[in-house]
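Chain residues, written in single-letter form:
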Amino acid sequence: MNIATRGSNDAFDRLFLIACAFLVIGGIVMLSSASMPISMKHFGSPYGYVNKQLFSIGLGLAGGLFIFVIPTQFWEKIGIFLPLLSLILLASVFIPGMGLTVNGSTRWLAIPGLPNIQVIDPARLLLMMYMAGYCYRQQENVKDNFMSFVKPMIFIIPACLLLLLQPDFGSTVIILSVTAGLFFLAGFKMRFFILLVMLLASLFAVLIYIAPYRMARLTYFLEPWNDPLGAGYQLTNSLIAIGSGGLFGLGLGESLQKLFYLPEAHTDFIFAIIAEELGLLGTIILLLLYSLLIYRIFAIGFMALNAKRVFQSYLCMAIGLWLAMQVIINLGVNMGMLPTKGLTLPLISYGSSSISMTLVTLAIVLKIGYENPRKKKNLRTKLVLEHFIIL
């Protein structure tokens, strides 16, 4: 296959870039609206959270530019160091003076001069790189041996235990699910995959059962109206916001639930504010943008697979699975279809390290697409066609 000149205009996936740009710009607009009341309370300015988010976007773009110049094969070559670094990051929050506790969870690193870093954001990317490399190196073993799933658990299980200690059950579910999904896409036999899904479902059920606060979340998620002013308060107000939006919404900036009725309106529950202000039409546009972005990530991954760039293909698929799962879980929580998980809406919710690392992750996908082989255009045929058009 001939490879196109890398300076050509079609070297970048335009639909991918368009989806990213619209989600980031739309996210800033909606964050500005959703965060104004709480920003005035905390910063004395309606744009305090927006300014911090813009700074984080700048960091993410700078980090993405740095990542973009590195050949993607480099990440496969240093594979064994990636999960070790992720474990160091996840454990660092438990070092006195370094970890930051918010709402009972110790998930952040406080580094002077930088926004607080939620360690799962970089750690998740490192683990996905490691799993993509493992599936690439163990292709035949993955297809024929169920025990091939057990070997990488030497890193995945300690990472999940550290997450559960923070505690961060939602990220644990995503990491294990993405790992299982990647194995399936890498050729894991269906009977092995079904057995794996059953084992993971049993594990999640046990983890919920042994933690009283998780059981309480499940109970009140099923019947939030039994205690609308207590445990069901957040979900009931989210449902009120979504239901109030109707078809076209109340109008941008006109949300009532963001006026200190709905907790976390600018982070985990920003989708409810989008539904309230922009209505069903706005949420459909949002879902279409996410669908386009995820579709292009998988398309880039399959193009890499066709070009026998297996590691890059698996990494794209892992990223696509993660993004799709996080969007689905966040929307499910907002609409009362899933228990509260504490997961942000990618590229939309406020979150310094979240949006920075999401942009870095998407820069890797863009790089994979940029590296994918392309056929050269037949310039002679093009000139003949242009000649006939002129005539």
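The coordinates are above.
These notes cover the structure that comes with them. (Residues numbered from 1 in each chain as written. Predicted model: local features only at pLDDT ≥ 70, side-chain atom pairs only at ≥ 80, totals over all residues. Heavy atoms only, no water.)

To continue, consider the overall build of the protein. Secondary structure summary: the protein contains 15 helices and 3 strands in total. Over its C-alpha trace the protein gives a radius of gyration of 22 Å, about what one expects of a compact globule, namely 21 Å for 391 residues. Summarising its shape, the C-alpha atoms of the protein cover approximately 70 × 60 × 45 Å along the three principal directions. Across the protein, contacts joining residues at least 24 apart in sequence account for 72% of those joining residues at least 6 apart. Element-wise, carbon and sulfur atoms account for 71% of the exposed surface of the protein, whose accessible area totals about 18600 Å². Here the protein carries 26 positive and 16 negative side-chain charges, and the mean point of each set is 12 Å from the other. (Helix = DSSP H or I, 4+ residues; strand = E, 2+ residues; numbered from the N terminus. Rg over C-alpha atoms; globule rule 2.2 N^0.38 Å. Contact = heavy atoms within 4.5 Å. Areas by Shrake-Rupley, 256 points an atom, 1.4 Å probe, with all protein chains shown as cover. Lys, Arg positive; Asp, Glu negative; His and termini not counted. Charge placed at Lys NZ, Arg CZ, Asp CG, Glu CD.)

Time to look at the packing of helix 1 (residues 14-43) against helix 12 (residues 270-306). Closest axis-to-axis distance for the helix 1/helix 12 pair is 9 Å, and the angle between their directions is 160 degrees. It follows that helix 1 is roughly antiparallel to helix 12 by the angle criterion. For the pair helix 1 and helix 12, the crossing hand works out as left-handed. The segment helix 1 lies against helix 12, with Leu15, Phe16, Ala19, Cys20, Phe22, Leu23, Met30, Leu31, Ser33 and Ala34 engaging Ile270, Ile273, Ile274, Glu277, Leu278, Leu286, Leu289, Tyr290, Leu292, Leu293, Arg296 and Ile297. Classifying every residue of the contact of helix 1 with helix 12 gives 19 nonpolar, 1 polar and 2 charged. (Axes fitted to C-alpha atoms, helices over the stretch in contact; angles between N-to-C directions. Parallel < 35°, antiparallel > 145°, perpendicular 65-115°, else oblique. Left-handed = near helix turned anticlockwise from the far one by under 90°. Nonpolar A, V, L, I, M, F, W, Y, C, P; charged D, E, K, R; others polar.)

Let's shift gears to helix 4 (residues 81-92). Between the first and last C-alpha of helix 4 there are 16 Å, a value that for 12 residues agrees with the 16 Å anticipated at 1.5 Å per step. Along helix 4, the residues classified as buried are Leu82, Pro83, Ser86, Leu87, Leu89, Leu90 and Ser92. (Expected span 1.5 Å × (residues − 1). Buried < 20%, exposed > 50% of the residue type's maximum accessible area, 1.4 Å probe, protein only.)

Right, let's talk about the nonpolar core for a bit. Membership of the largest hydrophobic core comes to 112 residues, with the highest contact counts inside it found for Phe188, Leu293, Ile297, Leu315 and Leu345. For this core, the element with the most residues is helix 13 (residues 310-334), which contributes 15 residues. In contact with Leu315, not counting residues within four places along its chain, are Met128, Met129, Ala132, Ile364 and Ile368. (Core = buried A, V, L, I, M, F, W, Y, C linked by side-chain atoms within 4.5 Å.)

For the rest of this paragraph, the subject is the environment of Gly282. Locating Gly282 in the fold gives a position in helix 12. Residue classification places Gly282 among the buried positions, given a relative accessible area of 12%. Counting along the chain gives 37 residues from Gly282 to Gly245, while the straight-line C-alpha distance between them is 9.6 Å.

Attention shifts here to the pairing of strand 1 (residues 99-102). With 4 bridges connecting them, strand 1 and strand 2 (residues 105-109) associate as antiparallel partners. Bridge pairing links Val102 to Ser105 in strand 2. Turn length for the strand 1-strand 2 hairpin, with the two strands adjacent in sequence and antiparallel, is 2 residues, and the turn residue Asn103 shows positive phi of about 55 degrees. (Pairing = 2+ DSSP bridges.)

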